[in-house]
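# A structural walkthrough
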Amino acid sequence: ICSYASTLFTCISFISLQGCDPFAQTQRSKLQHRRARINQQINKEMRMRAGAENLFRATTNNKVKETVALELSFVNSNLQLLKEELEELNSNMEAYQTDSEAVNVPMIPLGLKETKEVDFTVSIQVMTASIYQSSTSMSSLFCQAMRTPSRNQAGLELLMEYYNQLYYLDQRFFPAHRNLGVQFHWYDSLTGVPSCQRALAFEKGSVLFNIGALYTQIGARQDRSATCGIDRAIDAFQRAAGAFNYLKENFSNAPSLDMSCPSLCMLVRLMVAQVQECVFEHVTLTTQDTHFTSQLCLAQEAARVSDVYLLVQQTMTQPLMKDYVPFSWASMVQVKSEHFRALSHYYAAAALCDHVLSAEGEDCDKEAEKAYLQFYVNVPAGPPLCQVLQDPEKRRKLGKAHLRCAVIRHEEALRVHSLCKILRKMDILQDVLSLTHKRSLDKYSELDREDDFDETAEAPEIQSHTHRKPDITPPNFSTVQVTDIFQRLGPLSVFCARARWGPVRLICLQRREGGLGLTLRGDSPVLVAGVIPGGCAEAGLREGDYIVAVDGQDCKWAKHGEVVHMLKSCSDKGVEISVVTLHSHDMQVRKGIWVCVFWLPQTEKCICMVQNNIVKTPKLTVALRV
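Everything in this summary refers to the structure shown in the same document. (Residues numbered from 1 in each chain as written. Predicted model: local features only at pLDDT ≥ 70, side-chain atom pairs only at ≥ 80, totals over all residues. Heavy atoms only, no water.)

## Some words on the nonpolar core
- Among the nonpolar cores identified, the biggest contains 116 residues, and Phe244, Trp329 and Tyr372 are the most heavily contacted of them.
- If you look at the next biggest cluster of nonpolar residues, it comprises 21 residues, including Ile547, Val550, Ala558 and Val575. (Core = buried A, V, L, I, M, F, W, Y, C linked by side-chain atoms within 4.5 Å. Buried < 20%, exposed > 50% of the residue type's maximum accessible area, 1.4 Å probe, protein only.)

If you want it as structure tokens, here you go:
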């Protein structure tokens, strides 16, 4: 039935034209190439360690044990060095950042999961022979393009297309009652630890993970000095969060830690935090005035960014994630939490110190007072907030308290930044932290007076708020339309891996006066609804047979009228009909009946139980044949 499969599989070759050159001398391709090399070395060292550990447990020779123990120490040392090198590569955020000269805090992107090429040739030949009653050759579906998608919309569509084709592959060749025997190898995106499964779901989940990772790279490379670039970054990070969330909800029991529920939960929160950061940048760009309520809005937006990064930081410190997440990631998240908390206090101080009573009347003052009353988590002790707004000295002292908090938070962000070697290499991050710290210090110096002997009060906690909550955009696989590359095998509803077919039978019919002696019904493919007793079709056709070819012409997709016309147009010599029989579920069950054999040594007889039916036989060989 799948005599055309060898030509169908060549349709996949177009995919290789859409990937990027893995050997191109770009910073990103070099990084990915080094990741692949380290992953292979880690895999080799882990196999050596497993063999050495087995030998250590099996041997009783003390000298051999000493030698193996020494070798294990070398292997573990090499593994640690490789993992540290891989962590440094995974922490390399600069390769994915924008080339713009604008000073923005860098985003955290994910590297793609590495994999080995999958060769379906042998397995598909076996399955086509057993399911579709034919054999064919198949080239590797997972070509180089899937491993090196370009970092743009074309790369995303490429991965989406492959993900959608896996559905057809699953339906055609992966029966539920039988394992296809194809091994899917993927490396953990952060540790490089290899994982292997025979389930196609692992392949689909890993491709979906790479879709999310590619979205993070696209979001990180956007020029966020303009609102259009910020909007594109927001969209990319929201789609990345949606891909990871979809993976968490629909793919369970993944063998690699990067696809585990805690890891995916952390990644979703990280993407949401980066969306919130982009929202703050958007508000900053669109807020041109220094009005009191505008500054309060910026302060609350910054506090919101700090809160979501603090939530990510708490997720990263969970027991399972603490030793898994790269140190540079955890440091960057902590730096951002402190940095944006400092910005919230700075904007609060700017609102208080630069506020002047409105000349437009009481309405504007009431609006400012209303916004200020909702600004803090708890109402601070002391005079009512409405009096604070009316008194410049009280505003100055409260603003000074906020600036003191801002400076402390900036210094903490700089301290955490200095502890991470990888972050210290990021000049743009150093520039952002230093500039904002200096700005807060300068503002504090303006407010500080020589005769100000009162101790600076603690600044109240700012109520976080955002005017635009992040969305988690689930992947929409229908945006990339694909055609079943195996469609010439027949309709998927009939010719699928779940069905079990008998061998193809070639029936030669000679027309008589009463016709061919059969009735047909249905379309694509046409079903033999009945065989007239005594007719010429009674010799070979059976009720329930599917007609797949007439005189060598494929008709699995043919309509009822087309097949009838082909049969009526046959010559006087007759017609050759190719048919197959779909075994019912009961027939498949009977082929898999269970047998229990009990040998009774006292009587030297054997009891054979077949599907709850007891058969007594004096010989074991007879029982086994039964």
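Additional details are given in the paragraphs that follow.
## A closer look at the packing of helix H9 (residues 261–286) against helix H10 (residues 292–316)
- Relative to each other, H9 and H10 sit at 165°, their axes nearing to 9 Å. Judged by the inter-axis angle, H9 sits roughly antiparallel to H10. The interaxial crossing formed by H9 with H10 has left-handed handedness. Contact with H9, carried on its side by Met266, Arg269, Leu270, Ala273, Gln274, Gln276, Glu277, Val279, Phe280, Val283 and Thr284, involves Cys297, Leu298, Glu301, Ala302, Arg304, Val305, Val308, Tyr309, Leu311, Val312, Thr315 and Met316 of H10 and no other residues of that element. (Axes fitted to C-alpha atoms, helices over the stretch in contact; angles between N-to-C directions. Helix = DSSP H or I, 4+ residues; strand = E, 2+ residues; numbered from the N terminus. Parallel < 35°, antiparallel > 145°, perpendicular 65-115°, else oblique. Left-handed = near helix turned anticlockwise from the far one by under 90°. Contact = heavy atoms within 4.5 Å.)

## Some remarks on the packing of aromatic side chains
- Enumeration over the complete set of coordinates arrives at nine aromatic pairs.
- Summarising the aromatic geometry, the rings of tyrosine 309 and phenylalanine 340 are spaced 6.5 Å apart at their centres and angled 10° between planes, so their arrangement reads as stacked. Highlighted residues: tyrosine 309 in helix H10 and phenylalanine 340 in helix H12 (residues 327–353), separated in sequence by 31 residues. A single burial state applies to tyrosine 309 and to phenylalanine 340, both of which are buried.
- Consider the rings of phenylalanine 375 and tyrosine 376, whose centres lie 5.0 Å apart with planes at 70°: the pair is edge-to-face. Tyrosine 376 carries the same exposure label as phenylalanine 375, and that label is buried.
- What links up through ring pairs into an aromatic cluster is the set Phe280, Tyr309, Phe340, Tyr346 and Tyr347.
- Lysine 65 extends its terminal NZ or CZ atom over the ring of phenylalanine 56, reaching a point 5.2 Å from the ring centre.
- Above the face of the tyrosine 346 ring, arginine 439 is positioned so that its terminal group lies 4.2 Å from the ring centre. (Phe/Tyr/Trp six-rings, centres within 6.5 Å; stacked < 30°, edge-to-face > 60°. Lys NZ or Arg CZ within 6 Å of the ring centre and 35° of its normal.)

## Points about unusual backbone geometry
- Here serine 524 and proline 525 are connected by a cis peptide whose omega angle stands at -5°.
- For proline 525, the location among the structural elements is in the loop between strand S4 (518–521) and strand S5 (526–531).
- With phi around 45°, serine 524 is a residue other than glycine that occupies positive phi space.
- Along the polypeptide, serine 524 turns up in the loop between S4 and S5.
- The phi angle at aspartate 551 is positive, at roughly 55°, despite the residue not being glycine.
- You can see aspartate 551 is positioned in the loop between strand S6 (545–550) and strand S7 (553–554).

## Describing helix H6 (residues 153–173)
- The terminal C-alpha atoms of H6 lie 30 Å apart, and with 21 residues this matches the ideal 30 Å at 1.5 Å per residue to within 8%.
- Taking burial as the measure, the 21 residues of H6 include 16 buried ones, the bulk of the element. (Expected span 1.5 Å × (residues − 1).)

## What about the pairing of S4?
- Only one face of S4 is covered, namely the one carrying Leu518 and Leu520; the face carrying Thr519 and Arg521 has none of its residues buried.
- From the end of S4 to the start of S5, which pair antiparallel, there are four residues, and glycine 522 there has a positive phi angle of about 85°. (Pairing = 2+ DSSP bridges.)

## Overview of the state of the cysteines
- Evaluation of the coordinates by the stated rule reveals zero disulfides.
- Here cysteine 261 stays free of any disulfide, with the sulfur of cysteine 265 as its closest cysteine sulfur at 6.4 Å. (Disulfide = S-S within 2.5 Å.)

## Quick look at the pairing of S6
- Counting buried residues in S6 gives six out of six residues, a clear majority hidden from the surface.
- In this structure, S5 lies alongside S6, joined through two bridges in antiparallel fashion. The partner of leucine 527 across the bridge, within S6, is tyrosine 546.
- When S6 meets strand S8 (residues 575–581), the two strands line up antiparallel, connected through five bridges. Bridging from a neighbouring strand, isoleucine 547 pairs with valine 579 of S8.
- Where S6 lies against S7, two bridges are found, and the strand directions are antiparallel. Note on S7: the bridge partner recorded for alanine 549 is aspartate 554.

## Re the side chain of threonine 287
- Examined against the element boundaries, threonine 287 turns out to sit in the loop between H9 and H10.
- At a separation of 2.6 Å, a polar atom in the side chain of threonine 287 contacts the main-chain carbonyl oxygen of valine 283.
- The contacts of threonine 287, once residues within four sequence positions are left out, are Ser294 and Leu298. (Polar contact = N/O pair within 3.5 Å; in protein donor to acceptor, adjacent residues only side chain to side chain.)

## Concerning the environment of phenylalanine 74
- Secondary-structure assignment places phenylalanine 74 in helix H3 (residues 62–90).
- For phenylalanine 74, a relative accessible area of 49% gives the class partly exposed.
- Taking the C-alpha atoms as reference points, phenylalanine 74 and glutamate 45, 29 residues apart in sequence, are found 9.9 Å from one another.

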